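# Remarks on the overall topology
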Amino acid sequence: MNGRISRRISVPRDLGQARSIDAASERPAAAAGLSDAAVQAIWTAVEDLYRTGAYPAVTFCLRRNGQVVLNRALGHARGNGPGEGTRVPQLRATPDTPISLFSASKAVTAALLHLLAEEGGVDLDRPVVDYLPAFGAHGKHRITLADVLAHRGGIPSFRLPQAQRRIDLLADWEQTVALLCAATPSTQGRQAYHAMTGGYILGEVLQRVTGRPIREYLDRRLRHPLGMKHFTYGLPREHRDRVAHNYAAGAPVRFPVAGLVQRQLIVPFDEIIAFSNTDRAMDAVVPSGNLFATAEELSRFYQMLLDGGRHEGRQVMQPATVARLIRPVGRAAFDHTVKLPIRYSEGLILGGNPFGLYGPMTGRAYGHLGFMNIFGWADPDRHIACSLLVTGKAILGTHLLALGRVLNSIARQCRPLRAAA
């Protein structure tokens, strides 16, 4: 396709051909304190987002007051990608379609470290070297676990020569951890988003302390207590016939954005998207970027946090653990990776007033974003737990306006139930 043309999918005129609804899980709007018109306005905004043609699949789940009011999908898990047309067999997306969360996985990895601290296995305020001695090389001995969680760990990217930048490094746990332990910090003490790096250090600490793989700890502390089918790093082979594939979409990524993306993700934009669809990627454990889940599962996770760590009468996380996980680490500060002001907690990206990543007047909201335009968050003022999963990886394009309208619609239609702090 001509590089000057945005990469788009074919959008049917009648979205009924692309829509899938889990009617059994959806509750009446009134049960969640909403009007039918409010719920329809939110869903219409999601449909308009799909109509931009940037996303082969969109799955969406919204909980309000603990009730699922929307649990739906649009598009195709496979096929109808940009430029594919009808040449590739198509598989409809459904609310049960597992999708890679990419960086939205970081919220779950952070929760695991906070749970480990709750058990007494680690002290988040202690240096990483207390649990991973090799990490202290080149002056990193003062960096704490909390620093890594809050993107102040000094190792925001893989500083490697071009010849060593290979995508399968992300699937080589031992080599990646060794490289990061030997790395010289580049942003120590400054806020800089750790796109891929921090998760390996946190995961290695967890595995050394527990003596078990991080997948097993995730199963025991979150996946099984929350009753999840997927919600794990990578994807078992028996579920790969239903998995959603990712596609490069939107306007082609060029200088200077292309260089910024490659510094964080090791290789060029399109290459990491292609890798994400391979068995090698789905076999791997990438704590910062390859947890697979449905939109409903991600919303369920945030509902548990919204409920003070409880799920169906069971205390999955202690309230004090949740409180620390969502607590701001200072005010919004310039992030030396993304070149924008961001406010973090120890593991989450926080909302803002008068405008924030989760819409207008979302100062108490918390969650995480994923590559690109994947969202999972909770807003205690609005009593919502929401997730938006997409498979088109589009940085630039008209979809950004439609995405803003989705977030604005959710914030407006789900009015705060208490005064915003």
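Right, let's walk through the structure included here.

Between helix H2 (residues 105-118) and helix H11 (residues 319-326), whose axes approach to 10 Å, the crossing angle comes to 135 degrees. Compared by their axis directions, H2 and H11 come out oblique. Pair H2 / H11 crosses with right-handed handedness. Judged by residue contacts, Ala 110, Ala 111, His 114, Leu 115 and Glu 118 of H2 engage Thr 321, Arg 324 and Leu 325 from H11. Grouping the constituent residues of the contact of H2 with H11 by class yields 4 nonpolar, 2 polar and 2 charged.

Charged atoms that come close allow side chains of opposite charge to pair. The final tally for this structure, using the stated rule, is 23 salt bridges. For Glu 296, the salt bridge goes to Arg 300, with nearest N and O atoms at 2.5 Å. Of this pair, Glu 296 and Arg 300 both sit in helix H10 (residues 295-306), separated by 4 residues, roughly a single helical turn. Taken as a pair, Glu 296 and Arg 300 share a single burial class, namely buried.

So, on to the packing of aromatic side chains. Taken as a whole, this structure holds 7 aromatic pairs when the rule is applied. Ring centres of Trp 173 and Tyr 200 lie 5.7 Å apart, and the angle between their planes is 70 degrees; on these two criteria the pair is classed as edge-to-face. Here the residue Trp 173 occupies a position in helix H4 (residues 173-182), and Tyr 200 occupies one in helix H5 (residues 197-210), the gap between them amounting to 27 residues. A cation over an aromatic ring shows up here: Arg 72 above the ring of Trp 43, its NZ or CZ 5.2 Å from the ring centre. Taking NZ or CZ as reference, Lys 140 lies 5.0 Å from the ring centre of Phe 135, over its face.

Moving on, we come to the nonpolar core. By size, the foremost hydrophobic cluster in this structure holds 123 residues, and its most contacted members are Phe 60, Leu 222, Phe 301 and Tyr 302. Broken down by element, this core gets its largest block of residues, 8 residues, from H2.

With that settled, the discussion passes to unusual backbone geometry. In this chain, Asn 353 is followed by Pro 354 through a cis amide linkage whose omega measures 0 degrees. If you trace the backbone, Pro 354 turns up in the loop between strand E13 (349-350) and strand E14 (355-356). Going from Phe 371 to Met 372, the amide bond is cis rather than trans, its omega being -25 degrees. Locating Met 372 in the fold gives a position in the loop between strand E16 (366-370) and strand E17 (374-379). Residue Asn 373 is not a glycine yet carries a positive backbone phi of 65 degrees. Turning to its location among the elements, Asn 373 is positioned in the loop between E16 and E17. When its relative accessible area of 11% is taken as the criterion, Asn 373 is described as buried.

Time to look at the pairing of E16. The buried count for E16 comes to 4 of 5 residues, which makes it a mostly enclosed element. Here E13 runs beside E16; their pairing, made up of 2 bridges, is antiparallel. Across the sheet, the residue bridging to Leu 350 is Tyr 366, located in E16. What sits between the antiparallel neighbours E16 and E17 is a turn of 3 residues, in which Asn 373 has the positive phi angle 65 degrees.

Conventions we followed
- Every residue gets a number counted from 1 within its own chain, in the order that chain's sequence is written.
- For a predicted model such as this one, the threshold for reporting local features is a pLDDT of at least 70, and the threshold for listing and counting side-chain atom pairs is 80 or more; totals across whole chains, interfaces and linings nevertheless cover every residue.
- For side-chain calculations, the full set of non-hydrogen atoms in the structure is used, while hydrogens and water are omitted.
- Helix axes are fitted to C-alpha atoms over the stretch in contact, other axes to C-alpha atoms as well, and angles between N-to-C directions run from 0 to 180 degrees.
- Only DSSP runs of H or I with at least four residues qualify as helices, and only runs of E with at least two residues qualify as strands; both kinds are numbered from the N terminus onward.
- Here the angle decides the label: under 35 degrees means roughly parallel, over 145 means roughly antiparallel, 65 to 115 means roughly perpendicular, and every other value means oblique.
- Left-handed describes a crossing in which the near helix is turned anticlockwise from the far one by less than a right angle; the clockwise case is right-handed.
- What makes two residues a contact is simply this: any of their non-hydrogen atoms within 4.5 Å.
- Classification used: nonpolar for Ala, Val, Leu, Ile, Met, Phe, Trp, Tyr, Cys and Pro, charged for Asp, Glu, Lys and Arg, polar for all others including Gly.
- Criterion for a salt bridge: a side-chain nitrogen of Lys or Arg within 4 Å of a carboxyl oxygen of Asp or Glu.
- Only protein chains enter the accessibility calculation, which uses a 1.4 Å probe; a residue whose area is less than 20% of its type maximum is buried, one above 50% is exposed, and one in between is partly exposed.
- Here is the rule: rings of Phe, Tyr and Trp (six-membered ring for Trp) pair when centre to centre is within 6.5 Å. Planes less than 30 degrees apart are stacked, more than 60 are edge-to-face, and the remainder are tilted.
- In this analysis the charged atom, NZ for Lys or CZ for Arg, is taken to sit over a ring once it is within 6 Å of the ring centre and within 35 degrees of the ring normal.
- Nonpolar cores were defined as sets of buried Ala, Val, Leu, Ile, Met, Phe, Trp, Tyr and Cys residues, with membership established by side-chain atoms within 4.5 Å.
- The pairing criterion for strands is at least two bridges between them, as found by DSSP.

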